[in-house]
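Listed below are the residues making up each chain.
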Amino acid sequence: MDKSKQPFRKSKRSFRRRFPPIESGDRIDYRNMSLISRFISEQGKILSRRVNRLTLKQQRLITIAIKQARILSLLPFLNNEKQFERAESIPRTTGPRTRNK
């Protein structure tokens, strides 16, 4: 059979099923810090649904739980530890600045 007359075939790739990040028994709650912390970046931002591989309903519940935990001071709004370390290492000049003419 010529290549031009072959029927269209999908490539047979092996598909590895990924485990869902939230099990059926896990409660999405602001008190469940071990679960919530998996969905926050190092900077303290809420990760997107694509990155988390969550359903729309799960992402909404996670977002609400994270916001409640932030309001109750269980989670910081921002994680600025790296910025403080960087700011200390920058040498600063003291005294009045002079212009070079």
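Anything mentioned here points back to the structure above.
Below is a short write-up of the structure. A quick note: this is a predicted structure, and the numbers were derived from the prediction, not measured.

Cut-off values and rules
- Residues numbered from 1 in each chain as written.
- Predicted model: local features only at pLDDT ≥ 70, side-chain atom pairs only at ≥ 80, totals over all residues.
- Heavy atoms only, no water.
- Helix = DSSP H or I, 4+ residues; strand = E, 2+ residues; numbered from the N terminus.
- Contact = heavy atoms within 4.5 Å.
- Areas by Shrake-Rupley, 256 points an atom, 1.4 Å probe, with all protein chains shown as cover.
- Expected span 1.5 Å × (residues − 1).
- Buried < 20%, exposed > 50% of the residue type's maximum accessible area, 1.4 Å probe, protein only.
- Arc of directions from axis to C-beta.
- Patch = residues over 30% accessible without salt bridge, like charges linked within 9 Å, V, L, I, M, F, W, Y side chains within 5 Å.
- Salt bridge = Lys/Arg side-chain N within 4 Å of Asp/Glu carboxyl O.

**Examining the overall build of the protein**
So, step 1. Helix and strand counts for the protein stand at 4 helices and 0 strands.
So, step 2. Shown N-terminal to C-terminal, the secondary structure of the protein runs as helices and strands in the order α-α-α-α.
So, step 3. Counting contacts in the protein only where the partners sit at least 6 residues apart, residues at least 24 apart contribute 50% of the total.
So, step 4. Surface exposure of the protein reaches about 10,000 Å², of which carbon and sulfur atoms provide 52%.

**With respect to helix 3 (residues 56-71)**
Residues three or four positions apart in an α-helix share a direction because the helix packs 3.6 residues into each turn.
So, step 1. Relative to the 22 Å expected for 16 residues at 1.5 Å per residue, helix 3 spans 23 Å between its end C-alpha atoms, a close match to the ideal helical length.
So, step 2. Inspection of helix 3 places Q59, I62, T63, A65, I66, A69 and R70 among the buried residues, and these make up the whole buried set. Buried residues in helix 3, looked at end-on, bunch into an arc of 165 degrees, giving them a common side. With respect to the buried face of helix 3, the exposed residues turned more than 90 degrees away are K57, R60 and I71.
So, step 3. Against the buried residues of helix 3 lie helix 1 (33-36) and helix 2 (49-52).
So, step 4. Positioned one or two residues after helix 3, S73 has a phi angle of 65 degrees, which is positive.

**A short note on a nonpolar patch on the surface**
So, step 1. On the surface, I71, L72, L74, F77 and L78 cluster together into a nonpolar patch covering about 560 Å² of accessible area.
So, step 2. Within the secondary structure layout, F77 lies in the loop between helix 3 and helix 4 (81-89).
So, step 3. With a relative accessible area of 53%, F77 lands in the exposed category.

Everything listed here is a matter of coordinates, which is why it stays silent on function.
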